[in-house]
Amino acid sequence: MNLLEQINSPLLCNFSVEKIQQLSKKLKKLKKNSIPAQRKLDVSFNAGFTLDYLLEVMPLFFRNRGIESNIFKANYGTINFDVNNLNSNYWSKKCDVHVLLPTHRNLVYIPNFQSNKFQLSKILLKESKPWFNLWKKIKKPIVQLTFDPPTERYLGELDGLRIGGAHHYVRKLNSFLIENAPGHVNFLDSEKIASEVGMNSWHDQRMYYLTKQPFSMDAIPYIANKVSSTISSIVGLSKKVLVVDLDNTIWGGLVGEEGASGIVLGNETPEGEAFVNFQKYLKGLASKGVILCVCSKNDEKIAKTVFKNHSSMVLTLEDIAVFSANFKDKATNIREISKKLNLGLDSFVFIDDSSTECELIKSELPEVWTIHMDGDPSFFSKKIDQANPFNLSHVTKEDRLRSESYKKIAVLNSNLNLKTNIDKFLKNLETKAIIESVRNETVERISQLIAKTNQFKLNQNLFSVSELNKLKKNTLAVRIKDRTQDFGIVSAVVFNFDKKNKSLKINNWVMSCRVFSRRLEFFILDLLITVAKKNKCKNLILDYQKTKKNILFFNFLTNLIGKDINKNNLFKLPIKNLKFNKKNYIAQIKNKK
């Protein structure tokens, strides 16, 4: 990733502390306005600990959220004084947002072991009164950390459960403050942050004695991310739209290849249950006003069948504001979604399991937050949660109705024609193609690919391993790789020569949906023409059989022939008439095996 991509990464908080500090220094050296900001804010910080390390990285986290910040801080150790003295100089300084970060060490009143409920209520009110007075006078937005769990537990396991326990008191106080806070006060949940960091990292006693910072350096990215995301919400910069891929993102497998009954979804398997729970998480986001959209390389009817008929689907079509399932590149589709919703791309988050698709969006639409959903689906919701793009301080009725509202907007703006610089993207991918022969290491994959592929498929002809071994000289398999990954064998063509008619007849041709929109079909067509010419063939013959699923091959063949195809047929294409202007940017390299 280049510097800009790193600064704008949705998962900045997952970078190491050392990396974050390096980026902060690089950001500081950049010329002003070299990275455009959506908002400029004056932000004040007042804490119960030293702020030096935290404030070193805060400008980076603010810029990550589109905010150019001017930060000033209170003197160390003055938070109790400033909270209790509203005429102090601290409150006279001009700022847009106040960030207040007390800790349990700033508590004044703690009940003893003999306290009862009545005494506890009096102590809670007494502890809260200065905060109530502060909130009443200071009308600017406030971001406030709840009191964190204390280090010591004097009552052991009962400390968080019984009156007189420090943990119990902190929990009661936090609840009392939250329940009585006015709307301009926005809380950060210290207990949640501590659990994410780990209590051993949150409570770093040695760090506190050395620097008066009570937590380890590892906690700083978490705190900085929570502060910046909350302030971005306050100033209206939270993301609004989540664009989701389908295959291997909200269910396992490829629905276009395996059908609705063949995908991995449901409590019968660990992976299937993980996808179910991820869908529950997405539905929860939608219920608080996040606009869910689909952007998938699939046939729309096939994709929607899963939503309509699969018994384990949690999401429904009613949850989706815009359903974009086709074979155009995803950058163009997301632009179209943006236009339909009348929302800027900087309010979008895109998730996909494909590193190539993620690279495309990062390249073409850098303002879109792109999260690569690779690996175990058990952790998909955690990835989004860590990025915290949809922070809402309050959920209103309008928030809950937002998705339905945007569905109506999308219908009104459905006829758009936007373009992506796909040529530039394909060129930058540096795609390499390797021609694979039929051998022990490849034959099963080729047979499987022909059997399982549905969308880019000439016909229903299948070839067993033994049949392919007999057709070695007449089978063309292609493996591709680019700068993001090795895709393996993704396309296969089985053919024979009709010497009488001087033709190369294609008995079947398949291509994996993982490489749609890569123009690989034109690269392979070039290979077939070369093979045909070497064997003195003047024509290509395609044995086409239309199915419910091979819509992509249907479109390819229609464009190639230049007319609509309404029936199954043997299409004879003179090689001299085959002309296509789209450059594929795929380089053929020799197979080392």
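Residues numbered from 1 in each chain as written. Predicted model: local features only at pLDDT ≥ 70, side-chain atom pairs only at ≥ 80, totals over all residues. Heavy atoms only, no water.

1. Looking at the overall build of the protein chain
Part 1 of the reasoning: Helix and strand counts for the protein chain stand at 23 helices and 18 strands.
Part 2 of the reasoning: Taking the principal axes of the C-alpha coordinates as reference, the protein chain spans close to 100 × 55 × 50 Å.
Part 3 of the reasoning: Considering the protein chain as a whole, with its 593 residues, one finds that 55% of them fall into the buried category.
Part 4 of the reasoning: Within the protein chain, contacts between residues at least 6 apart in sequence are counted, and of these 72% link residues at least 24 apart. (Helix = DSSP H or I, 4+ residues; strand = E, 2+ residues; numbered from the N terminus. Buried < 20%, exposed > 50% of the residue type's maximum accessible area, 1.4 Å probe, protein only. Contact = heavy atoms within 4.5 Å.)

2. Section: the sheet that holds strand 7 (residues 291–297)
Part 1 of the reasoning: If you walk across this open sheet you meet the five strands as 8-7-6-9-10, and the pairing is parallel. Two strands bound the open sheet, and with one partner strand each, they are strand 8 (320–326) and strand 10 (369–372). Here the average twist between neighbouring strands, direction ignored, is 20°.
Part 2 of the reasoning: On top of the sheet, helix 12 (residues 270–287) reaches strand 6 (241–244), strand 7 and strand 9 (348–352); it is set at about 150° to strand 6, its chief contact.
Part 3 of the reasoning: The strands touched by helix 14 (residues 330–341) are strand 6, strand 7, strand 8 and strand 9; relative to strand 7, the strand with the most contacts, the crossing angle is about 150°. (Pairing = 2+ DSSP bridges. Axes fitted to C-alpha atoms, helices over the stretch in contact; angles between N-to-C directions.)

3. So, the pattern of salt bridges
When their charged atoms lie close together, side chains carrying opposite charge are able to pair.
Part 1 of the reasoning: Tallied over the entire structure, the rule returns 23 salt bridges.
Part 2 of the reasoning: Among the salt bridges present, the one from Lys 383 reaches Asp 374, with a minimum N-O distance of 2.5 Å.
Part 3 of the reasoning: Judged by its relative accessible area of 19%, Lys 383 falls in the buried class.
Part 4 of the reasoning: In this structure Asp 374 comes out as partly exposed when scored by relative accessible area, which is 39%.
Part 5 of the reasoning: In this structure, a network of salt bridges that share partners links the residues Glu 436, Arg 439, Glu 441, Arg 479 and Asp 486. (Salt bridge = Lys/Arg side-chain N within 4 Å of Asp/Glu carboxyl O.)

4. Topic: the sheet that holds strand 2 (residues 67–73)
Sheet strands associate in pairs through backbone hydrogen bonding, adopting either a parallel or an antiparallel arrangement.
Part 1 of the reasoning: Read across the sheet, five strands follow the order 2-1-3-4-5 without closing on themselves; strand pairing throughout is parallel. The open sheet terminates on both sides in strands that have one partner only, identified here as strand 2 and strand 5 (185–188). The mean angle between the axes of side-by-side strands here comes to 25°, regardless of whether they run parallel or antiparallel.
Part 2 of the reasoning: On top of the sheet, helix 5 (residues 117–137) reaches strand 3 (97–101), strand 4 (142–145) and strand 5; it is set at about 160° to strand 4, its chief contact.

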